[in-house]
Amino acid sequence: MAEGSVFKRCSCRDGNGRKLGNRCPQLRRAGGAWSPTHGRWAYQLELPTHPGQPRRQLRRSTFGTRDAATTDRDHAKTLLALAGDDAAVAAEIADLLLAVTSGAPLPDRDTIARRVRAGLPATAATTVGEYLTSWLASRRGIEPATVLAYGSHIRTHLVPHLGDIPLVKLRVEHIEAMFTAIADRNTAIEIARQSDKPWIRASVRGMRPTRPSTMHRIRATLRKALNDAIRRSNNRLIDFNPAAHVELPSSARPKARVWTAKAVQKWHDTGERPSAVMVWTPQQAGEFLDYAEDHDVALYPLFVLILHRGLRRGEAIGLTDTAVDLDNALVSVTQQLTTHGYTPVVKKVKSESGNRVLAIDSFTHAALRAHHARRAGWKLACGTAWPDTGFFFVQPDGQPWHPQAVTDRFEALVRDAGLPPIRLHDLRHCAATYLKAAGADLKDIQELLGHSSLAMTDTYTSVIAELDVERAKAEAAAKLVPRRRRRAA
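1. Regarding the overall build of the chain
- Summing up its helical and strand segments, the chain has 17 helices and ten strands in all.
- Its C-alpha atoms give the chain principal-axis dimensions of roughly 120 × 55 × 45 Å.
- Looking at the chain residue by residue over its 489 residues, the buried ones come to 42%.
- Surface accessibility of the chain: about 26,300 Å² in total, with carbon and sulfur atoms responsible for 52%.

Put into structure tokens, the structure is as follows:
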């Protein structure tokens, strides 16, 4: 690398008005030394070029002392040294140096070093959108569903609101403005939905407000991405995470509400639900199971299992033949059949506490036995075309159920039965409610639903010894649900 030269220059002009530069006779004393009183210190430095370009120099002046000019020159040389043997990066840094206006400071060495080491262009500020896109593409070892969630947050919210902002300039105020805009959109949607003009209501058809819980997840995605920018390969792209300092309203989960007679009447009159999470009364649950038994015999036993034992949709659909012990009336929950996008995938249960063994009541036992016998008939009818999937719940042709298909058929049954709407997932809340009414404590319910708890290090070490007690509670809970006819194993 060229050393560069440090010298003096002035603004004196000749008789024709042309600057004398370093030819001014006043710049040097009689012995050739630089004049201490005339002119300003300057330097020039040979710069790397792009292929095919002519030579170029960095020339900066107006320094008050020789030391100031030397220090600035050495700073420029330090920046160029960041490129190492990479001629392309060296030329980019030279571009950056030439773009600095006269009198402005040269770029910070550490800032450019971070960009070079991270493989980012030295001459352009990476935007939030560019960084988030590359960050998502680099994620490894995380669940596909998490990648989808990150991508949705980035694509739908973060890039439209923050994407053009340089990463190093992102501030708390920018993020707060994004959430304010999201809240304003929510308000606009609600106002449009309540309009007496059909065309205004139609303008927001299919639009969904962004719930507070979703806003918290959006912030969590941004906070994670920015944390990685701080420690990325020990080359800190930023020094501060503004997402960690943004406050949002509480995203407390909605409380479950029961479909009382008054709530049902209001729903019939207005279409409003008292809560996003609704629970049927035991009478309503019994009406649903009776209707499902008559109109969807293939999925009826699965709904019975979820309602009485509180399994998640994916846990029930993902049960294998080996997980269902009909001889001992036990069900082992170890995996789930869920979706990645729309593609079904088998995964482990959500947590260690979700890996559990459940005793089943006599009514559920009878429904599972009947399904097992009916499935044998389906298999006989299919002959060699029957696929050996290993799943306990399958369609009449032997194929596993798609999770979304189960939800769609559940919602259709609820609608056709004339019952107030609940989500398929709310059958878990029904199970917990009935179990509590039958005398179970919160620990029983926690273990039934497979929720994690810091207070328990090994929830299921004594599960076998407790199954008889659990079965008695399950019987009591199941008996709360009235049926036209009861079948016991």
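Here the narrative resumes, following the displayed structure.
2. Some remarks on the side chain of R73
- Mapped onto the elements of the fold, R73 is located in helix α1 (residues 66-81).
- Not counting chain neighbours up to four residues away, the residues in contact with R73 comprise E3, G4, V6, Y43 and L45.

3. A closer look at the packing of helix α11 (residues 300-309) against helix α13 (residues 362-382)
- As a packed pair, α11 and α13 sit with axes 9 Å apart at the nearest point and diverge in direction by 155°. With respect to each other, α11 and α13 are oriented roughly antiparallel. You can see that α11 and α13 cross each other, and the crossing is left-handed. On α13, the residues touching Y300, P301, V304, L305 and H308 of α11 are T364, A367, L368 and H371.
- Tallied by class, the residues present in the contact of α11 with α13 amount to six nonpolar, three polar and no charged.

4. Focus on the nonpolar core
- Within the largest apolar cluster, 61 residues are counted, with the highest numbers of intra-cluster contacts made by W280, F288, L302, F303, L319 and F410.
- At seven residues, α11 tops the list of elements feeding residues into this core.
- Excluding its chain neighbours within four sequence positions, the residues that come into contact with W280 are W259, A285, F288, F410, V414, L419, P420, I422, L427, C430 and Y434.
- Core analysis: the next-biggest nonpolar cluster, separate from the first, contains 30 residues, F7, L27, L45 and L58 among them.

5. Description of α11
- Of all ten residues that make up α11, ten are buried, and the element is covered over most of its length.
- Listed in full, the buried residues belonging to α11 are Y300, P301, L302, F303, V304, L305, I306, L307, H308 and R309.
- Positive phi appears at G310, one or two residues downstream of α11, with a value of about 70°.

6. Some points on the environment of A417
- Here A417 lies in the loop between α14 (403-416) and α15 (426-437).
- Judged by relative accessible area, A417 falls into the partly exposed class, the value being 26%.
- Considered as a pair, A417 and H295 are 122 residues apart in the sequence and their alpha carbons are 9.8 Å apart.

7. With respect to α15
- With twelve residues, α15 ought to run about 16 Å at 1.5 Å a step, and its terminal C-alpha atoms sit 17 Å apart, in line with that.
- Among the residues making up α15, those that are buried are D426, L427, R428, C430, A431, A432, Y434 and L435.
- Just beyond α15, the residue with positive phi is G439, at close to 110°.

8. A word on the sheet that holds strand β1 (residues 5-9)
- One open sheet accounts for three strands, arranged β1-β2-β3; its pairing is antiparallel. Edge positions in the open sheet fall to β1 and β3 (56-63), since each of these has one partner strand only. If you compare each strand with its neighbour and ignore which way they point, the axes differ by 25° on average.
- As paired strands, strand β2 (residues 40-47) and β3 are joined by six bridges and run antiparallel to one another. The residue of β3 that forms the bridge with W41 is F63.
- Sheet strands touched by α1: β1, β2 and β3. Its angle to β2, the strand with the most contacts, is close to 20°.
- Lying over the sheet, helix α2 (residues 87-98) contacts β2 and β3, oriented at roughly 35° with respect to β3.

9. Quick notes on the packing of aromatic side chains
- Across all of its chains, the model carries ten aromatic pairs by this definition.
- The interplanar angle of 65° and the centroid separation of 5.1 Å between the aromatic rings of F288 and F410 together place this pair among those described as edge-to-face. Of the two residues, F288 is situated in helix α10 (residues 282-295) and F410 in helix α14; the sequence distance between them amounts to 122 residues.
- Its relative accessible area of 0% is what places F288 among the buried residues.
- Among the aromatic residues, those joined into a cluster by ring pairs are W280, F288, F303 and F410.

10. Describing the sheet that holds strand β10 (residues 356-359)
- Overall, antiparallel pairing links the three strands, which are arranged β6-β7-β10 in an open sheet. Bordering the open sheet on either side are β6 (324-325) and β10, each of which pairs with just one other strand.
- In this sheet, β10 lies alongside strand β7 (residues 330-333) in antiparallel orientation, the contact comprising four bridges. Within the sheet, the bridge partner assigned to V331 lies in β10 and is L358.

11. Details of a positive patch on the surface
- Residues R9, R13, K19 and R59 make up a contiguous surface patch of positive charge.
- Of note, K19 is situated in the loop between β1 and β2.
- On the basis of relative accessible area, K19 is assigned to the exposed category, the value being 51%.

Calculation criteria
Residues numbered from 1 in each chain as written. Predicted model: local features only at pLDDT ≥ 70, side-chain atom pairs only at ≥ 80, totals over all residues. Heavy atoms only, no water. Helix = DSSP H or I, 4+ residues; strand = E, 2+ residues; numbered from the N terminus. Buried < 20%, exposed > 50% of the residue type's maximum accessible area, 1.4 Å probe, protein only. Areas by Shrake-Rupley, 256 points an atom, 1.4 Å probe, with all protein chains shown as cover. Contact = heavy atoms within 4.5 Å. Axes fitted to C-alpha atoms, helices over the stretch in contact; angles between N-to-C directions. Parallel < 35°, antiparallel > 145°, perpendicular 65-115°, else oblique. Left-handed = near helix turned anticlockwise from the far one by under 90°. Nonpolar A, V, L, I, M, F, W, Y, C, P; charged D, E, K, R; others polar. Core = buried A, V, L, I, M, F, W, Y, C linked by side-chain atoms within 4.5 Å. Expected span 1.5 Å × (residues − 1). Pairing = 2+ DSSP bridges. Phe/Tyr/Trp six-rings, centres within 6.5 Å; stacked < 30°, edge-to-face > 60°. Patch = residues over 30% accessible without salt bridge, like charges linked within 9 Å, V, L, I, M, F, W, Y side chains within 5 Å. Salt bridge = Lys/Arg side-chain N within 4 Å of Asp/Glu carboxyl O. Lys, Arg positive; Asp, Glu negative; His and termini not counted. Charge placed at Lys NZ, Arg CZ, Asp CG, Glu CD.

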